[in-house]
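Commentary on secondary and tertiary structure
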Amino acid sequence: MKIVMTVLLGLLILLALASGVAKIMLMPQEIEFYQPRGFSDPMLMLFGGLQVLSGLGMLLKKYRRYAALLLAVTFLLSAILLIQAGNLPLTGVTLICVLLLGVVAKSSGSDSNQLI
């Protein structure tokens, strides 16, 4: 079970970093999706920064629970916007990630500074 959780954690961290960096770099697809929904460039970069910080925070066991919850909130906001856009398949994937982040948050204690 520990191996499964470690792999899950690694995948979620990579997803957080990839998603956040794409927003920070103002990739055209991100701008095209978020700008019509009220996100300015600085807001999009801040949103991406939260995702990157959350991903990095999940590396430290002490902060993992809070980082996973913050990342889940950003993904949940994205899922709401995806529903509004009518992109149900990607909404489903995003909501699965939110649930998996909940599993990580629930299984993570905040009593240690160790990595992974």
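Just so it is clear, the structure is predicted and the values come from calculations on it, not from any experiment.

Definitions and cut-offs
- Residues numbered from 1 in each chain as written.
- Predicted model: local features only at pLDDT ≥ 70, side-chain atom pairs only at ≥ 80, totals over all residues.
- Heavy atoms only, no water.
- Helix = DSSP H or I, 4+ residues; strand = E, 2+ residues; numbered from the N terminus.
- Polar contact = N/O pair within 3.5 Å; in protein donor to acceptor, adjacent residues only side chain to side chain.
- Expected span 1.5 Å × (residues − 1).
- Buried < 20%, exposed > 50% of the residue type's maximum accessible area, 1.4 Å probe, protein only.
- Contact = heavy atoms within 4.5 Å.

The residue asparagine 87 is located in the loop between α4 (61–85) and α5 (88–107) in this model. Side-chain polar atoms of asparagine 87 contact the backbone nitrogen of leucine 90, separated by 3.3 Å.

This paragraph deals with unusual backbone geometry. Even without glycine at this site, leucine 26 takes up a positive phi of about 50°. Within the secondary structure layout, leucine 26 lies in the loop between α1 (2–24) and α2 (28–34).

Below, the discussion takes up α4. Its 25 residues give α4 an end-to-end C-alpha distance of 35 Å, which sits within 8% of 36 Å, the value for a rise of 1.5 Å per residue. Here α4 has its buried residues at Arg64, Ala67, Ala68, Leu71, Ala72, Thr74, Phe75, Ser78, Ala79, Leu81 and Leu82. Its buried side turned inward, α4 meets α1, α2, α3 (41–57) and α5. Positive backbone phi, approximately 85°, marks glycine 86, located one or two places after α4.

All we've got here are geometric facts, nothing functional implied.
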